[in-house]
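Chain and residue survey
Here's the letter readout for the chains.
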Amino acid sequence: QVQLEESGGGWVQAGGSLRLSCVASGRTGTDYAMGWFRRAPGKERLFVAAINDSGTTIVDSVRGRFTISRDVAKKTVYLQMNNLKIEDTAVYYCAADTSGLGGPYQWTYWGQGTQVTVSS
């Protein structure tokens, strides 16, 4: 019932910035959460950040450099990435939880991912 599409990935030198976007379409309801995950080469997918009506959550490894935000009217979530490091290189995925239940997230819907490559 929900489709997600990421955009904004690309190549950037260490210390540079990128802004990722993810647009949700379909029947999301009025109380939903959206989040970002990433999968580095040869590693498993890991949680990065999430946002809902109550606030935001972000992992320590990117805190102070990455910011998650959203435009509710446009059903779009953003990940502003500043001071990028080589270890940030990964495929970035957005996800959605439309349960509206609160508590642990239920990431039911996923985008196809967008590549972010950071070099020296």
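Look up a bit, the structure's there.
Here, residues in each chain are numbered from 1, in the same order as that chain's written sequence. Local features in this predicted model are restricted to residues whose pLDDT is 70 or higher, and side-chain atom pairs enter the listing and the counts only when it is 80 or higher, whereas totals over whole chains, interfaces and linings include all residues. Where side-chain values are given, they derive from all heavy atoms of the structure, hydrogens and water being excluded.

Moving on to the nonpolar core. Think of a nonpolar core as a cluster: buried Ala, Val, Leu, Ile, Met, Phe, Trp, Tyr and Cys residues, connected wherever their side-chain atoms sit within 4.5 Å. To sort residues, take the accessible area from a 1.4 Å probe on protein chains only and compare it with the maximum for the residue type: under 20% means buried, over 50% means exposed, and anything in between is partly exposed. Among the nonpolar cores identified, the biggest contains 29 residues, and Leu4, Trp36, Phe66, Leu79, Met81 and Tyr92 are the most heavily contacted of them. The secondary structure listing takes helices from DSSP runs of H or I that are at least 4 residues long and strands from runs of E that are at least 2 residues long, numbered from the N terminus. Listing elements by their share of this core, those giving two or more residues are β1 (2-7), β3 (18-26), β4 (33-39), β5 (46-52), β7 (66-71), β8 (76-81), β9 (90-97) and β11 (114-119). The contacts of Leu79, once residues within four sequence positions are left out, are Leu18, Arg19, Leu20, Trp36, Phe66, Thr67, Ile68 and Tyr92. Pairs of residues are marked as contacts when any of their non-hydrogen atoms sit within 4.5 Å.

Here we come to the sheet that holds β7. Backbone hydrogen bonds are what pair the strands of a sheet, in a parallel or an antiparallel way. Note on pairing: two strands pair once DSSP finds at least 2 bridges between them. Read across the sheet, four strands follow the order β1-β3-β8-β7 without closing on themselves; strand pairing throughout is antiparallel. Only two strands of the sheet have a single neighbouring strand rather than two, namely β1 and β7. Neighbour-to-neighbour, the strand axes of the sheet open up by a mean angle of 15°, direction not taken into account. Alignment of β3 against β8, held across six bridges, turns out to be antiparallel. Looking across to β8, one finds that Leu20 is bridged to Leu79. Axes, fitted as lines to C-alpha atoms, cover a helix only where it is in contact. Angles between the N-to-C directions of the axes lie from 0 to 180 degrees.

Attention now goes to the pairing of β1. Here β1 shows a buried face lined by Val2, Leu4 and Glu6 and an unburied face lined by Gln3, Glu5 and Ser7. With six bridges connecting them, β1 and β3 associate as antiparallel partners. The residue of β3 that forms the bridge with Gln3 is Ser25.

What follows concerns the pairing of β5. Put simply, side chains in a regular strand alternate between the two faces of the sheet. Pairing geometry for β4 and β5, over five bridges, is antiparallel. Its bridge partner lying in β5, Phe37 is registered against Phe47. Summarising the sheet, β5 and strand β6 (residues 55-58) pair through four bridges and their orientation is antiparallel. Residue pairing across strands places Ala50 opposite Thr57, the latter belonging to β6. Linking β5 to β6, which pair antiparallel, is a turn of two residues.

Each salt bridge in this description consists of a side-chain nitrogen of Lys or Arg and a carboxyl oxygen of Asp or Glu lying within 4 Å of one another. As enumerated under the stated definition, the model contains four salt bridges in all. One network of salt bridges, with partners in common, ties together Arg38, Arg65 and Asp88.

Right, let's talk about the packing of aromatic side chains for a bit. Stacked, edge-to-face and tilted labels apply to pairs of Phe, Tyr and Trp rings (six-membered ring for Trp) whose centres lie within 6.5 Å, assigned for plane angles under 30 degrees, over 60, and everything in between, in that order. This structure, assessed with the given rule, holds four aromatic pairs. On the numbers, 5.7 Å between centres and 85° between planes, the contact of Phe37 with Trp107 is edge-to-face. A residue pair is termed long-range when its members are at least 10 positions apart, and Phe37 in strand β4 and Trp107 in the loop between β9 and β10 (109-110) qualify at 70 residues. As far as burial versus exposure is concerned, Phe37 and Trp107 are alike and both buried. Three or more aromatic residues joined by ring pairs make a cluster, and in this case those are Phe37, Phe47, Tyr105, Trp107 and Trp110. Positioned over the ring face of Tyr32 is Arg70, at 5.3 Å from the centre of the ring. Only lysine NZ and arginine CZ atoms are considered, and such an atom sits over a ring when it is within 6 Å of the ring centre and within 35 degrees of the ring normal.

Bringing the environment of Ala95 into the picture now. As for its placement among the helices and strands, Ala95 is situated in strand β9. When its relative accessible area of 0% is taken as the criterion, Ala95 is described as buried.

Interpretation note: all reported values are geometric properties and have no functional meaning in isolation.
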